[in-house]
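# Overview (structure and organization)
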Amino acid sequence: MANAASFIHGGVVPGGMATLFGSNLTTATGINLASGLPLKTDFLTTSVRIQRNVMTRPIFAVDNVNGTQQINFQVPWEIAPLSTVLLQVSTKRLLQPCLSRFLLLAAQPGVIAYNVGGTNFGVVLHANFQLADSAHPVVAGETVLIYCVDLGAQISPALKDGEAGTGAELTVAKPTATIGGR
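To start, this report covers the structure provided alongside it. (Residues numbered from 1 in each chain as written. Predicted model: local features only at pLDDT ≥ 70, side-chain atom pairs only at ≥ 80, totals over all residues. Heavy atoms only, no water.)

### Here's the deal with the environment of L37
- Secondary-structure assignment places L37 in the loop between β3 (30-33) and β4 (46-50).
- When the C-alpha atoms of L37 and A164 are compared, they prove to be 6.3 Å apart, with 127 residues separating the residues in sequence.
- Dropping the residues within four chain positions of it, L37 is found in contact with G162 and A164. (Helix = DSSP H or I, 4+ residues; strand = E, 2+ residues; numbered from the N terminus. Contact = heavy atoms within 4.5 Å.)

### What to know about the packing of aromatic side chains
- A complete count under the given rule lists two aromatic pairs for this structure.
- Here F7 and F21 contribute two aromatic rings whose centre-to-centre distance is 5.4 Å and whose plane-to-plane angle is 70 degrees, an arrangement assigned as edge-to-face. Placement of F7 in the loop between β1 (2-3) and β2 (17-22) and of F21 in strand β2 is noted, with a sequence separation of 14 residues between them.
- Here Y114 and F121 contribute two aromatic rings whose centre-to-centre distance is 5.6 Å and whose plane-to-plane angle is 25 degrees, an arrangement assigned as stacked. (Phe/Tyr/Trp six-rings, centres within 6.5 Å; stacked < 30°, edge-to-face > 60°.)

### What to know about the layout of surface pockets
- Taken as a whole, the largest pocket encloses approximately 1,300 Å³ of empty space.
- Lining the largest pocket are 42 residues, and of these C148, V149, D150, L151 and T171 lie nearest its centre.
- Every element with two or more residues in the lining of the largest pocket is listed here: β10 (110-111), β14 (144-146), β15 (148-149) and β17 (170-171).
- The class makeup of the residues in the lining of the largest pocket is 25 nonpolar, twelve polar and five charged.
- Of the volumes computed, that of the second largest pocket is approximately 450 Å³.
- As for the second largest pocket, its lining consists of 20 residues, of which A4, F7, N72, I112 and A113 are closest to the centre.
- At the level of secondary structure, the elements contributing two or more residues to the lining of the second largest pocket comprise β2, β3, β5 (59-65), β6 (68-74) and β11 (113-116).
- Grouping the constituent residues of the lining of the second largest pocket by class yields 13 nonpolar, six polar and one charged. (1 Å grid on protein atoms, 1.4 Å probe; cavity = no way out; pocket = protein on both sides within 12 Å on 5 of 7 lines; lining within 4 Å. Points joined across faces, edges and corners; volume = space filled by probe spheres on them. Nonpolar A, V, L, I, M, F, W, Y, C, P; charged D, E, K, R; others polar.)

The structure is reproduced here in structure tokens:
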């Protein structure tokens, strides 16, 4: 399991976005994205369970491209007091064996990225909402919007799993960002 933006392994963050890579995760093919909010917990006959909670988790996407399978899902908010979690996947209502335990982290920031011509770029927008890229670079002193996930396990006001944020939610921890070491 990994951070859904950076694909860094090591743990999951309550309320965060995680990606699970594996085999026999889905019978669907292609890139299949959730069509709206709130997110479904059973998507293309695939579901994800975390911990002893029998409730399934909200799913963002179920992908199977050239034999590489992945599920992008939301980690439940209510597991925050735990230190490790167990994960289980169900396909076509058949429960797969439990996977390994995963550490629960307070934060694991990851910038959402996209790829053009084999080069990865972070999803960064100028203040006018234009995508920052090689043709439209960010300049020193400019205000930018950076799309990222897993900035902190606690937000205020709290949200329910799978529901859209209002834009008013703030992480309780105060994240900082550096660009080029500054």
